[in-house]
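Residue strings, one per chain:
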Amino acid sequence: MNIEFFLELLANGALTGLMYGMVALGIVLIYKSSGVLNFSQGAMVMTAGYVTWLMTSFGLSIYAAVALGIVAMFVFGLLIERLLLRSMVGQPIIMIVMLTLGLDVFLRGLVPGILGTSPKHLDIGVGMAPLILGDVFINRVYLVGGVVALALFALAALFFRTRLGTKLRAVSDDHVSSWSVGISVEHAVAMSWGLAGVCAVGAGTIWGTVQGVEWSLTALLFPAVAVVILGGIDSILGALLGGIVVGVLGSVIPGYVDPLVGGSTRDVVTSIIILLTIMIRPYGMFGREDIERI
Amino acid sequence: MFYRLSGVHHTRYASARQLWPLPADRWQVAAVFVLAVAAPLYMSDLYLSSYMLPWLVWSTATLALTLLMGVAGQLHFGFGAVMAIGAYTSIHLTQAGVPFELALLVAGLLAALIGCLFGAAALRVKGLYLVMATLAMQFLVDWVIVNVKAISGGAVATLQAPAVEFLWIPVDTLVARYYVALLWAVIVTLLMLNIKRTSFGRALVAVRDKDFAAAVIGVNIFKYKLLAFFTSSFLGGVTGAILAFCFYRAVTPQQFSFDISIQLVAMVLVGGLGSTIGAFLGAGFVLLAPIVLLNIVAPMVEAGWLPVSASLMAHIPLMIYGAMIIGFLLFEPLGLAKIYDNARKYFLVWPFRHTQS
Amino acid sequence: MRHSIRSMVGSGLAGAAILAAGLAGGVAHAQDKAPIKAATLLDFTRVYTFLTDEYSQGQQDYIKLLNMEGGIDGHPVELIVRDQGSQPQQGIALYNQARQEGAIFFDFLSTPVANAVMPRANEDHLPMMTFAHGRADAIDGQRFPFVFPSAAIYRSQAALLLQYMDEHGGLKDKKIAFVHIDSPFGREPLALLEAMAKTKGFTLKAFPYAVPGTEQSAAWTDVRRFRPDNVIIWGAGPGQAVSIRGAISNGISPKSIYSVIWLSETDMRSFQGDAVVGVKRFTAVNTGADSAILKRISEKVIDAGKGTGDAKVVGSTYYNIGVASMAIMAQAAKQALDTQGAPLTGDKLKAGFEMIKDFDAEGLMPPLTITDKDHQGGGWGRVSEWDGDKWVPLNDWGHAYQDVVWQLVRDDAEKAAKEAKK
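Here the structure is a predicted model, which is why all the values come from computation and not from measurement.

(A) Main features of the overall build of chain B. Scanning chain B from terminus to terminus reveals 16 helices and 4 strands. For a compact globule of 357 residues, the expected C-alpha radius of gyration is about 21 Å, and chain B comes in at 22 Å, within 12% of that figure. For chain B, the spread of C-alpha atoms along the three principal axes comes to 65 × 65 × 45 Å. Within chain B, buried positions represent 57% of all 357 residues. Considering only residue pairs separated by 6 or more positions, chain B has 75% of its internal contacts joining residues 24 or more positions apart. In chain B, 20 positive and 12 negative side-chain charges are present, and the distance between their average locations comes to 15 Å.

(B) Structural view of the interface of chain B and chain A. Taken together, the contacts link 39 residues of chain B with 46 residues of chain A. Summing both partners gives a buried area of about 3,900 Å² for chain B against chain A, and 82% of it is carried by carbon and sulfur. At the boundary of chain B with chain A, the tally comes to 1 salt bridge. In this structure, the salt-bridge partner of B:Asp259 is A:Arg108, at a minimum N-O distance of 3.8 Å. Seen at the junction of chain B and chain A, the total is 0 residue pairs in polar contact (both at pLDDT 80 or more). Sorting the residues of the side of chain B that touches chain A by element identifies helix 6 (100-124), helix 7 (127-147), helix 13 (258-271) and helix 15 (310-331) of chain B as the ones contributing at least two each.

(C) How the structure looks around the domain arrangement of chain C. Residue and element names in this part refer to chain C. For chain C, the assigned domains are domain 1 (5-152 + 287-379) and domain 2 (154-283 + 383-421). On a C-alpha basis, the centroid separation for the pair domain 1 and domain 2 is 28 Å. Both faces combined, the contact of domain 1 with domain 2 buries some 2,100 Å², and carbon together with sulfur accounts for 64% of it. Considering only the surface of domain 1 that becomes buried against domain 2, Phe50, Ala152 and Tyr318 emerge as the three largest contributors, covering 20% of it. On the surface where domain 1 and domain 2 come into contact, there are 0 salt bridges. Applying the counting criterion to the domain 1 and domain 2 interface returns 7 residue pairs in polar contact (both at pLDDT 80 or more). Its residues assigned to classes, the side of domain 1 that touches domain 2 shows 12 nonpolar, 9 polar and 7 charged.

(D) Representation of empty space enclosed by the protein. All chains considered together, the criterion is met by 8 cavities of 30 Å³ or more. One number sums up the size of the second largest cavity: a volume of about 180 Å³. Along the wall of the second largest cavity there are 18 residues; nearest its centre are A:Asn139, C:Ser217, C:Gly246, C:Ser249 and C:Asn250. For the lining of the second largest cavity, the elements supplying multiple residues, two or more each, are helix 1 (3-34), strand 2 (136-138) and helix 5 (140-159) of chain A together with helix 8 (217-226) and helix 9 (238-249) of chain C.

(E) Fine view of the sheet that holds strand 3 (residues 105-107) of chain C. All names here are of chain C. Taken in spatial order, the 5 strands of this open sheet run 2-1-3-4-5, and their pairing is parallel. With partners counted over all chains shown, the strands left at the sheet margins are strand 2 (77-83) and strand 5 (147-148), one partner each. Contacting strand 1 (36-42), strand 2, strand 3 and strand 4 (128-129), helix 12 (residues 317-340) crosses the sheet at an angle of about 155° to strand 1.

(F) Geometry of the sheet that holds strand 12 (residues 391-393) of chain C. All names here are of chain C. Reading across the sheet, the 7 strands line up as 7-6-8-9-10-11-12 and stay open at both edges, with mixed pairing between neighbours. With partners counted over all chains shown, the strands left at the sheet margins are strand 7 (203-209) and strand 12, one partner each. Ignoring strand direction, the axes of neighbouring strands in this sheet form an average angle of 30°. Strand direction decides the pairing type here: strand 10 (residues 280-283) and strand 11 (residues 382-386), joined by 4 bridges, are antiparallel. Paired with Phe282 across the strands is Val383, a residue of strand 11.

(G) Representation of the nonpolar core within the structure. The biggest cluster of nonpolar side chains holds 347 residues, and the ones touching the most others in it are A:Phe39, B:Trp58, B:Phe77, C:Tyr62, C:Phe106, C:Trp262 and C:Phe353. Among the elements that take part in this core, helix 12 (residues 221-248) of chain B stands out by supplying 15 residues, more than any other. Mapped onto the domain boundaries, this core takes at least three residues apiece from domain 1 (5-152 + 287-379) and domain 2 (154-283 + 383-421) of chain C. If sequence neighbours within four positions are ignored, A:Phe39 has contacts with A:Val97, A:Thr100, A:Leu101, A:Asp104, A:Leu221, A:Val225, B:Val131, B:Met132 and B:Leu135.

(H) Examining the environment of C:Ala210 more closely. By secondary structure assignment, the location of C:Ala210 is in the loop between strand 7 and helix 8. Look at C:Ala210 and you get buried, because its relative accessible area is 5%. If we skip the residues at most four places from it in the chain, C:Ala210 touches A:Ser264 and A:Arg266.

(I) Representation of unusual backbone geometry within the structure. Here the residue pair B:Trp350 and B:Pro351 is connected by a cis peptide bond, since its omega of 5° sits within 30 degrees of zero. In this structure, B:Pro351 sits in the segment after helix 16 (336-348). Here the phi dihedral of C:Arg227 falls at roughly 50°; this positive angle occurs in a residue that is not glycine. Looking at where C:Arg227 falls in the secondary structure, it is placed in the loop between helix 8 and strand 8 (230-234). C:Arg227 gets classed as exposed once you look at its relative accessible area, which sits at 59%.

Cut-offs applied
Residues numbered from 1 in each chain as written. Chains lettered and ligands numbered in written order. Predicted model: local features only at pLDDT ≥ 70, side-chain atom pairs only at ≥ 80, totals over all residues. Heavy atoms only, no water. Helix = DSSP H or I, 4+ residues; strand = E, 2+ residues; numbered from the N terminus. Rg over C-alpha atoms; globule rule 2.2 N^0.38 Å. Buried < 20%, exposed > 50% of the residue type's maximum accessible area, 1.4 Å probe, protein only. Contact = heavy atoms within 4.5 Å. Lys, Arg positive; Asp, Glu negative; His and termini not counted. Charge placed at Lys NZ, Arg CZ, Asp CG, Glu CD. Buried area = accessible area lost by both parts, 1.4 Å probe. Salt bridge = Lys/Arg side-chain N within 4 Å of Asp/Glu carboxyl O. Polar contact = N/O pair within 3.5 Å; in protein donor to acceptor, adjacent residues only side chain to side chain. Domains from an automatic or database assignment. Nonpolar A, V, L, I, M, F, W, Y, C, P; charged D, E, K, R; others polar. 1 Å grid on protein atoms, 1.4 Å probe; cavity = no way out; pocket = protein on both sides within 12 Å on 5 of 7 lines; lining within 4 Å. Points joined across faces, edges and corners; volume = space filled by probe spheres on them. Pairing = 2+ DSSP bridges. Axes fitted to C-alpha atoms, helices over the stretch in contact; angles between N-to-C directions. Core = buried A, V, L, I, M, F, W, Y, C linked by side-chain atoms within 4.5 Å.

Here it is in structure tokens:
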């Protein structure tokens, strides 16, 4: 195998990984502020994709649709936090995780049920012709996706330097101290859920363009979880770099191993990444270690 | 009044510490047992094969998982894979001519050994990370089963269960299959009822509550966590084999996917973590509630009272299932077992209002 | 915590009543002539969602037309439509329930569920249809007397595509890339393709991509380096559009892309302009609303406002496949009733299926002939090309390499017999 094949797998893999990172960013934001692992992020991505498609089906341009989608999903995130998560404060983590799983199932039934199950297509105005650098073909939609992901990560990093972002950082450190200083933890958690909804719009639109908006967008949860574990559940930088690593490994390794094995090994690679990370360094590359005290 | 509490005195430790100290409880259990054994006599074939049999087998699986999650406190989101290992092993062994009983045992042992590998992750991490590790293992096992032709049988990917005999009685009619499933359910139920009265069960509870404190008082956490995974996976593997032989009579890789693992966890949580009766109630509820509600909604839609398209109709069970999980976790986190317990305590002292417990 | 006894008894009774009502299920109809009940227990929510809505719409509209035109010899047809989520457990439970309600015909449109129910259908003597999907050896009427694929199975579809390639450019010394989803469905035609590669002298290379097929870039990168002459894509639903996009963005001309039957107008319309003109696929049933049955459906059902769903779907690929599946069932039922009389049972319906000879649903599909040995019906089909707006057939109805298909079926049967003896 020559170097161009490797470079191509590398490039497309990195871009795909950034797109997974977009989904992971939502999970990280929620975990940072409330300690809840949001298993329904995949369903939120699907819902965001459907919402954007719904806006375009009313005749709006893709940009207007995305803008409206951002507002809608922000409110959606707020509502979920207020209605469901608020009453689960203090419950064991398994209950909250199951709650998000229940929400995932519910959304998977509700949204395609109402809006229709046949795949809807979104078009962000990028053609299909690949970008050719030397002998390396780069998928244009993936390139746009990678750029959008990087933009979202940059926005997140900038956001955390603002006043509101500092409050969120305080809340993610310690709830009790934040209360004692006068920061409203409830508002901060609600805000993080809203922001996760916004990330879901980015992911939903890009992935919806790549594969069509359909319930299978919820399957993005699994690679996103791998990204989050590898990078550290509460680290944004970890989501970015972890995304790139998961994407690259998930593209390069199957590229070489699949012909030998005769089957697709991408899910296996993702599973092994999760397992190795948990066995060797459970908190991921940049995660903060959880010290349990007696 | 219903339970006839007055006059129940125990003068020996043995009788005070039995599973059901009240005679009323013992009569209830006996009645339920008789009803279960006599089911083929009064139940139609449809009810027996479509509702009772799967309910029994899934309750047993839930019991196995609640042993791990409720009693030992180890979260396991990959139990479907454990059941799959048991099912596939038993099918291959019986196709090779091994007697059914032996095949079940070996299937359980193999599932237990591989389940211990899953458990090795539990030695390293807890809580969320354990969830993730078991999830990853579920996908790995799924992939191995689908892609290793020797296991899954190639592109056709459906292995039929051969005709078997259990203790020299051929397991071919519905009634025979029902009794095999019932026997296994009774064994596992007895095990679960008594588990907390053994030192093994007490050690598991100690590990669940605070494992380093348990280590301080001399419980070997390493050994007991692995043992919990071993036992639970053994029970799960045999249950998977029973499911394959008694209900599906074939195995396909999709039967034990990630969705099934989540369904099992939902059954455990809806029923109540660690509770035996909760396992039965939870399994029944999760299995039957979507069907029941759909059967109520469907005639309404056909009669035109509710304007709902066929596609939305098909999604309603999914929505009900999700809403049910959310509802239980929000309003009754301790599950159906707690609701049953509340009702029982109410009737225990009726017509008086206050109980001692 | 004060519960009044009344409220507890009340809720207990209500709960019991609801449970009883729910478990009883079904609605009883009183008719002059006994209705014929067909159960279409499809997958509306999981894997086959991309096609089930339109397929079921076609089935329901056709049954409405049939009942309007007097049913089958006066017997109305009742369709039981439920969702099994492509889960074998759900499928088996629904099968039992429908059987209890008197259904004598089953359609699952899901390979795992169909495979799981097949042994039961054979035992219970109830015919089931696996139109253009399911396991290959089910075409053997001797081993599976009650399973009727009734249309070209996946191996026959691949064979037909190969024959078209052979007639238009030859196969010898060519390179064919087979890009497929990594599932039993995706691997179905591999045996046939490999066998043909040896006899016809072309180089075959398989490129699997992971389920659900939303991300295939690694596979297509590999395909480009293989520099194939033709590419066969074997996926379903959203994966198909991703495959085509992957192919085109890697420089493969749409004219050299051949697909399995599951490629619809919806998938193609997600591409703009002329980008995908020339993509070819296997077609088992005519598309468009021109044929006689479709015209009658448009007049009597859709225009009368009784259509089951969106009127724009009428005439699309999956809708027409649904119509065809029910038309075949109706023909089998009619022939059974004519020769053996009412009431219709599973065995009579099976005999009716095996009487079908040169049936083409008034021009909707190729002439289908089912015998007691061949439940496939001959493996007929044709190749259609996308012209930017609709699918245009390129050749006449034909069938290809059925000898190879049947040889592989016999090999499968031998292997199964050996396993059963063990």
